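Coordinate analysis (summary)
Each chain, letter by letter, is given below.
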Amino acid sequence: MSRIGNKPVNLPHGVTINVDSANVVSVKGPLGELKQKVDKDITVTVEGNSVIFTRPTEQPRHRSMHGLYRALVHNMVVGVSEGFKIEQELVGVGYKAEAKGQILELSLGYSHEIHLMVPHEVKVEAKTEKRGNPKVTISSYDKQLLGMVAAKIRSLRKPEPYKGKGVRFVGEVVRKKAGKSANVK
């Protein structure tokens, strides 16, 4: 029995939801509009201020899709009403970040600077505090797109395990390895 799929999605004030005949759910709110195609086996019904998902059978495929589509629509509702935010920090000597509109300029210890074009749905900010690591804050109403952009930024220089240098999420703990010991016999 899916615990996530059985929970109704509550709609906050200012958010409207529409389900068309092709089973496409569109959610519109103050921050934007998102659409998601739902599998034909999952039934989506809007009752008052909540959205309810039902599945036809107890097959494993139906059970997994039941919770999946409920979670996707819930993320859409939260995104268009509140939005999502991810913070990353650049740990390393000489690492810099600068946001110029939708272009993020990163200096990550390579011989060249990296210019990353960010989609227009994502807002990017970069700040550097004195005696602190540069921080990049990205925010959007689309959680999937936000995660993809954050993963792309992190993939440019992953944290390495010996010194911990690289791009990491704020609060992420990087386990460090011990280096070579000098007294090996």
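Structure first, text after, so check above.
Numbering of residues starts from 1 in each chain and follows the order in which that chain's sequence is written. Local features in this predicted model are restricted to residues of pLDDT 70 or higher, and side-chain atom pairs are both shown and tallied only at a pLDDT of 80 or more, whereas totals for entire chains, interfaces and linings draw on every residue. Side-chain metrics rest on all non-hydrogen atoms present in the structure, leaving aside hydrogens and water.

Each helix corresponds to a stretch of at least 4 residues labelled H or I by DSSP, and each strand to a stretch of at least 2 residues labelled E; elements are numbered beginning at the N terminus. Mapping M117 onto the fold places it in strand 10 (residues 114–117). The spatial distance from the C-alpha of M117 to the C-alpha of V149 is 9.7 Å, given a sequence separation of 32 residues. Excluding its chain neighbours within four sequence positions, the residues that come into contact with M117 are Q102 and I103. We call two residues contacting when some pair of their heavy atoms lies within 4.5 Å.

For the rest of this paragraph, the subject is the side chain of Q88. Inspection of the secondary structure puts Q88 in strand 7 (residues 84–91). Among the polar contacts listed, one links the side chain of Q88 to the backbone oxygen of A150, at a separation of 2.9 Å. With near-sequence residues (within four places) excluded, Q88 lies in contact with P134, K135, V136, A150, I153, R154, V167, R168, F169 and V170. Residues adjacent in sequence count toward polar contacts only when both atoms are side-chain atoms; beyond that, a polar contact is any pair of N or O atoms within 3.5 Å, and within protein one must be able to donate a hydrogen and the other to accept it.

What follows is about the sheet that holds strand 8 (residues 96–100). Spatially, 3 strands are ordered 8-9-10 in an open sheet, and the strand pairing comes out antiparallel. A strand with exactly one partner marks an edge of an open sheet, and here the two such strands are strand 8 and strand 10. Pairwise comparison of adjacent strand axes, ignoring direction, gives a mean angle of 20° for this sheet. In this sheet, strand 10 lies alongside strand 9 (residues 103–107) in antiparallel orientation, the contact comprising 4 bridges. Looking across to strand 10, one finds that E105 is bridged to H115. A pair of strands is labelled paired if DSSP reports no fewer than 2 bridges between them. A fitted line through C-alpha atoms serves as each axis, taken over the contacting stretch for helices, and the angle formed by two N-to-C directions is quoted from 0 to 180°.

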